[in-house]
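# Reading the structure
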Amino acid sequence: MSLEWFDRVCGELEDHLESICAKYDQVGHMTIERGAKYPRIEFFVETEDDERVYFCTISYDPAHEDFFYESFDADLGQTSRVVLFDIEDIVDAVHESLHDFINDDDEIDEDVLVAVEDDDFDEEEYHMAEADEPRDIFEEIDVEWETPEVTAYMEEDDVEVTYQFGIVTETGDGVLRRVNRIWTDDDEMIRDESNFIFSKEEASTIIAMIASHMDKMSNFETDFS
């Protein structure tokens with residue numbers, strides 16, 4: 001039994017989900033449970049009270065290396081598996097489940113869905129606004145940095161890459177900050193920063209995925225001149 005295919009799909013799924021639709025971008029979240037008998041990816045929305053309401057669960061059968069979700073047939077009174085053969089099938093299943101959930105669940109807190117149910121909502125304008133006015137989430141949350149900036153790669157007067165690890169005070173999630181500093185031929189410094197937030201449960205999966213694929217990675221040889 002192997003979780004290699006499960007880890008590969010989990011690693012790529014987030015990027016695919018970002019392009020599903022504006023509704024998922026606004027309210028959709030996913031979490032990975034790798035330690036279960038059938039490892040699973042669960043999708044949920046958060047209510048005003050910070051409670052999770054799950055709308056889709058994709059499970060993985062390590063013995064057969066199949067992704068699947070369970071469907072209940074009310075007429076037959078039994079549950080069956082629907083096998084998903086590739087990442088596109090998974091994305092389609094999540095997308096359909098989200099819309100069914102939004103349309104059918106009358107009990108969910110209205111504040112969760114108010115934006116996506118707005119009759120005047122324009123999906124194209126939403127994505128354009130996101131591109132033109134990126135939001136810095138770190139202006140809104142409190143992070144306690146546990147380490148100083150640690151240099152991961154450096155070429156003097158050319159490029160420097162540093163990392164810093166912190167903890168989100170409110171949630172206890174981990175934060176990894178990556179800062180790229182690039183010096184141009186005119187001795188101007190360009191600074192690019194990105195931040196990645198992850199839960200304690202995700203950390204072991206991230207570490208395992210990186211460790212098992214490091215031999216396939218190339219050295220940092222990008223030409224920044």
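Just above, that's the structure.
This write-up is about the structure you can find in this document.

Basis of the calculations
- Residue positions are given per chain, counted from 1 along the sequence in the order it is written.
- Note on the predicted model: pLDDT of at least 70 is required for a residue's local features to be given, and 80 or more for side-chain atom pairs to be given and counted; whole-chain, interface and lining totals, by contrast, use all residues.
- Side-chain calculation: all heavy atoms of the structure are included, whereas hydrogens and water are not.
- Candidate patch residues must exceed 30% relative accessible area and have no salt bridge, after which like charges are joined if within 9 Å and Val, Leu, Ile, Met, Phe, Trp or Tyr side chains if within 5 Å.
- Only the protein chains shown count as covering a residue, and every accessible area follows the Shrake-Rupley method with a 1.4 Å probe.
- The term salt bridge refers to a pairing of a side-chain nitrogen on Lys or Arg with a carboxyl oxygen on Asp or Glu at a separation within 4 Å.
- For the purpose of charge, His is not counted, nor are the chain termini; Lys and Arg are scored as positive and Asp and Glu as negative.
- In plain terms, the charge of a residue is placed at NZ if it is Lys, CZ if Arg, CG if Asp and CD if Glu.
- Here a helix means four or more residues in a row that DSSP labels H or I, a strand means two or more in a row labelled E, and each is numbered from the N terminus.
- Grouping buried Ala, Val, Leu, Ile, Met, Phe, Trp, Tyr and Cys residues that are joined through side-chain atoms within 4.5 Å yields what is termed a nonpolar core.
- Classification of residues uses two cut-offs on accessible area relative to the type maximum, computed with a 1.4 Å probe and protein chains only: under 20% is buried, over 50% is exposed, and between them is partly exposed.
- In this analysis, two residues are considered to be in contact whenever any of their non-hydrogen atoms come within 4.5 Å of each other.
- For two strands to count as paired, DSSP must find a minimum of two bridges between them.

### Brief notes about a negative patch on the surface
Side chains of Glu46, Glu48, Asp49, Asp50, Glu51 and Glu170 sit close together on the surface and give a patch of like negative charge. Structurally, aspartate 50 can be placed in the loop between strand E2 (40–46) and strand E3 (52–61).

### Structural notes on the nonpolar core
The tendency in soluble globular proteins is for nonpolar side chains to be buried as a group. Membership of the largest hydrophobic core comes to 28 residues, with the highest contact counts inside it found for Tyr24, Phe43 and Val94. Broken down by secondary-structure element, the contributors of at least two residues to this core are helix H1 (4–18), helix H2 (22–27), strand E1 (29–33), E2, E3 and helix H3 (87–104). Here this core takes eight residues from H3, the largest share from any one element. Discounting chain neighbours no more than four positions away, the residues touching valine 94 are Leu17, Ile20, Tyr24, Phe43, Phe55, Cys56 and Ile58.

### Re the pairing of strand E10 (residues 189–198)
The pairing of strand E9 (residues 174–183) with E10 spans ten bridges and is classified as antiparallel. What sits directly across from arginine 177, in E10, is asparagine 195. From the end of E9 to the start of E10, which pair antiparallel, there are five residues, and aspartate 187 there has a positive phi angle of about 60 degrees.

### Details of a nonpolar patch on the surface
Taken together, the side chains of Ile210, Met214 and Met217 make up a nonpolar region of the molecular surface, amounting to roughly 330 Å² of accessible area. Along the chain, isoleucine 210 falls in helix H6 (residues 200–211). Exposure remark for isoleucine 210: the relative accessible area of 46% places this residue in the partly exposed category.

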